[in-house]
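Analysis of the macromolecular model
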Amino acid sequence: MQMDMILVVGAGGGVGAVLRYLASGAVYRWTSSDFPYGTLAVNVLGSLLLGFIVQLAESRTGPGPLMKMFLTVGLCGGFTTFSTFSLETMKLFMEGSYLAAAANAAGSVLLCLFGVWLGVLLARLI
């Protein structure tokens, strides 16, 4: 693997992780903490962003290979939080909050699929 790819993925991952922390924290300040709204919001936004970037990358005006790796694997990979999603959903389930666990799982999957679709659509409009 090329060192420049490793460096751009690492840099993007660091930026994405910081943005995830800030974005989910902002959502939690506006909502209650009894449901993982911050993680859900970050996953939907990250999915929209990933769909948008991938669609742009496939066009002739898209970013080059290094920038694509920075944005997709690095930034979006550091920003989206499906591992946290899984942990929080399992915690809700283990606490007996079955409806909340199911709502979080279904909402995350469906809204993130919608986010990717919307990102692709927005990129096609450019």
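A quick note: this is a predicted structure, and the numbers were derived from the prediction, not measured.

As a volume, the largest pocket reaches approximately 160 Å³. Tyr28, Ser33, Asp34, Phe35, Pro36, Glu88, Lys91, Leu92 and Glu95 together form the lining of the largest pocket. Ranked by the residues each element gives to the lining of the largest pocket, the list is headed by helix α4 (residues 82–94), at 3 residues. Within the lining of the largest pocket, the residues separate by chemical class into 4 nonpolar, 1 polar and 4 charged.

Moving on, we get to the packing of aromatic side chains. Counted by the stated rule, this structure contains 4 aromatic pairs. Their ring planes at 55° and their centres at 4.8 Å tell us that Phe35 and Tyr37 sit as a pair that is tilted. Its relative accessible area of 13% is what places Phe35 among the buried residues. Ring geometry for Phe93 versus Tyr98: centroids 5.1 Å apart, planes at 70°, classification edge-to-face. Relative accessible area serves as the criterion here: at 45%, Phe93 is assigned to the partly exposed category. On the basis of relative accessibility, which here comes to 53%, the residue Tyr98 falls in the exposed class.

Rules of the game
- Residues numbered from 1 in each chain as written.
- Predicted model: local features only at pLDDT ≥ 70, side-chain atom pairs only at ≥ 80, totals over all residues.
- Heavy atoms only, no water.
- 1 Å grid on protein atoms, 1.4 Å probe; cavity = no way out; pocket = protein on both sides within 12 Å on 5 of 7 lines; lining within 4 Å.
- Points joined across faces, edges and corners; volume = space filled by probe spheres on them.
- Helix = DSSP H or I, 4+ residues; strand = E, 2+ residues; numbered from the N terminus.
- Nonpolar A, V, L, I, M, F, W, Y, C, P; charged D, E, K, R; others polar.
- Phe/Tyr/Trp six-rings, centres within 6.5 Å; stacked < 30°, edge-to-face > 60°.
- Buried < 20%, exposed > 50% of the residue type's maximum accessible area, 1.4 Å probe, protein only.

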